[in-house]
Amino acid sequence: MVQTKSIFQKAAFVLKISLYTLLSGVLIYFAVAILFSFLPTHYPERNCPPAKEIYLNTNGIHVDLIIPAEYIEPSFNHQLDFPAATRFIAFGWGDRSFYIHTPEWSDLTFPVAFKALFLKSPAAMHVTSYRGKMNSWKSLKLCDNQLKIILDYIENSFEKDDKGRIKKMDFEGYNYNDSFFEAKGSFSLFNTCNVWVNRALKNAEVKTAVWTPFDFGILYHIK
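In short, a report on the structure. (Residues numbered from 1 in each chain as written. Predicted model: local features only at pLDDT ≥ 70, side-chain atom pairs only at ≥ 80, totals over all residues. Heavy atoms only, no water.)

1. As for unusual backbone geometry
Okay, so step 1: The phi torsion at Asp81 lies on the positive side, around 60°, for a residue other than glycine.
Okay, so step 2: When you line up the elements, Asp81 lands in the loop between helix 2 (74-80) and strand 3 (88-95).
Okay, so step 3: Its relative accessible area of 56% is what places Asp81 among the exposed residues.
Okay, so step 4: Although it is not a glycine, Glu205 sits at a positive phi angle of roughly 60°.
Okay, so step 5: For Glu205, the position within the fold is in the loop between helix 6 (193-203) and helix 7 (216-219). (Helix = DSSP H or I, 4+ residues; strand = E, 2+ residues; numbered from the N terminus. Buried < 20%, exposed > 50% of the residue type's maximum accessible area, 1.4 Å probe, protein only.)

2. Concerning helix 5 (residues 144-156)
Okay, so step 1: In this model helix 5 runs 18 Å from its N-terminal to its C-terminal C-alpha over 13 residues, within 8% of the 18 Å that 1.5 Å per residue would give.
Okay, so step 2: For helix 5, the set of buried residues is Gln146, Leu147, Ile150, Leu151, Tyr153 and Ile154. Each buried residue of helix 5 sits inside an arc of 160° when the element is viewed along its axis, so together they form one side.
Okay, so step 3: Residues of helix 5 that are buried make contact with strand 1 (52-58), strand 2 (63-68), strand 3, strand 5 (138-142) and helix 6. (Expected span 1.5 Å × (residues − 1). Arc of directions from axis to C-beta. Contact = heavy atoms within 4.5 Å.)

3. Structural notes on the pairing of strand 3
Okay, so step 1: Of all the 8 residues making up strand 3, 8 are buried; the element is thus mostly covered by neighbouring parts of the structure.
Okay, so step 2: With 4 bridges joining them, strand 2 and strand 3 adopt antiparallel strand pairing. From the neighbouring strand, Ile67 faces strand 3, where its bridge partner is Ile89. (Pairing = 2+ DSSP bridges.)

4. With respect to the packing of aromatic side chains
Okay, so step 1: All chains considered together, the criterion is met by 21 aromatic pairs.
Okay, so step 2: Consider the rings of Phe30 and Phe214, whose centres lie 6.1 Å apart with planes at 10°: the pair is stacked. Residue Phe30 is found in helix 1 (residues 2-38), and its partner Phe214 is found in the loop between helix 6 and helix 7; the two are separated by 184 residues along the sequence.
Okay, so step 3: Judged by its relative accessible area of 40%, Phe30 falls in the partly exposed class.
Okay, so step 4: The exposure class assigned to Phe214 is buried, which follows from its relative accessible area of 17%.
Okay, so step 5: Arranged with centres 4.9 Å apart and planes meeting at 85°, the rings of Phe38 and Tyr220 form a pair that is edge-to-face. Taken as a pair, Phe38 in helix 1 and Tyr220 in the segment after helix 7 lie far apart in primary sequence, 182 residues in all.
Okay, so step 6: Cluster of aromatic residues (ring-pair linked, three or more members): Tyr29, Phe30, Phe38, Phe190, Trp211, Phe214, Phe216 and Tyr220. (Phe/Tyr/Trp six-rings, centres within 6.5 Å; stacked < 30°, edge-to-face > 60°.)

5. Some details on the packing of helix 5 against helix 6
Okay, so step 1: As a packed pair, helix 5 and helix 6 sit with axes 8 Å apart at the nearest point and diverge in direction by 145°. The handedness of the crossing between helix 5 and helix 6 is right-handed. Residues Ile149, Ile150, Tyr153 and Ile154 of helix 5 touch helix 6, and the partners they reach there are Trp196, Arg199, Ala200, Leu201 and Asn203.
Okay, so step 2: Looking at the contact of helix 5 with helix 6 residue by residue, the class counts come to 7 nonpolar, 1 polar and 1 charged. (Axes fitted to C-alpha atoms, helices over the stretch in contact; angles between N-to-C directions. Left-handed = near helix turned anticlockwise from the far one by under 90°. Nonpolar A, V, L, I, M, F, W, Y, C, P; charged D, E, K, R; others polar.)

6. Looking at the layout of surface pockets
Okay, so step 1: Its boundaries defined by the atoms lining it, the second largest pocket holds a volume of some 640 Å³.
Okay, so step 2: Together, 20 residues line the second largest pocket, and Glu45, Lys141, Glu205, Val206 and Lys207 are the ones closest to its centre.
Okay, so step 3: Looking at which element gives the most residues to the lining of the second largest pocket, the answer is strand 5, with 4 residues.
Okay, so step 4: Taken together, the residues of the lining of the second largest pocket sort by class into 9 nonpolar, 5 polar and 6 charged. (1 Å grid on protein atoms, 1.4 Å probe; cavity = no way out; pocket = protein on both sides within 12 Å on 5 of 7 lines; lining within 4 Å. Points joined across faces, edges and corners; volume = space filled by probe spheres on them.)

7. Side note on the pattern of salt bridges
Okay, so step 1: Counted according to the given criterion, the structure contains 4 salt bridges.
Okay, so step 2: Of the charged contacts, one joins Glu205 and Arg46 as a salt bridge, the two residues approaching to 3.0 Å between their closest N and O atoms. Within this pair, whereas Glu205 is found in the loop between helix 6 and helix 7, its partner Arg46 is found in the loop between helix 1 and strand 1, the two being separated by 159 residues in sequence.
Okay, so step 3: Judged by relative accessible area, which is 33%, Glu205 ranks as partly exposed.
Okay, so step 4: The class of Arg46 is partly exposed, set by a relative accessible area of 29%. (Salt bridge = Lys/Arg side-chain N within 4 Å of Asp/Glu carboxyl O.)

8. Quick notes on the state of the cysteines
Okay, so step 1: Scanning the entire structure with this criterion turns up 1 disulfide.
Okay, so step 2: There is a disulfide in this structure between Cys48 and Cys143, and the S-S distance comes to 2.0 Å. The S-S bond linking Cys48 to Cys143 shows a torsion near 85°; that makes this disulfide right-handed. Of the two residues, Cys48 is situated in the loop between helix 1 and strand 1 and Cys143 in the loop between strand 5 and helix 5; the sequence distance between them amounts to 95 residues.
Okay, so step 3: A relative accessible area of 28% means that Cys48 is categorised as partly exposed. (Disulfide = S-S within 2.5 Å.)

See the structure below:
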């Protein structure tokens, strides 16, 4: 009886330490993420004219890069297969399972969230077409070479077949104006959908967060 009680005490102690360790890890993660979200990158001033304009949009958690259709290389645009009336195309990268099983935040379940955050799983590109500009979008003006860097970054995020064509997923999408494609990489706590957007801006030397898994960490630095 005494031995059994000792085993339970040891198990309770291990569980207690594990919970404290988990809680400490979560607190450290959020503290570092918030700090790095407000720390800006610093790049030299550019002398080129910011003649091109793209947009950023958030659904409250996830940021999309929105590109005027006229800026996108025609052969790549053709593979996206959107109507001719499309004027803007939004690109978002994220966990494939999360995208498919969580069309609305009310659909989020613990297994889906746990798998996205802690287990390695395939990524997807969510691509949406728009016929007009939305008032909620945030404008970002770029030089020609900055735009090219971001466009190359977006296209290179798609998985392609042996013939160089992007791979459309069987999942039809949420609405008539969006599609899903296979994407490179995998989602994690340290490589979120917003980290993907933030990395695109950093590659183009746009002032943004040092690192941020949050949407506000990107939008805060955009004038």
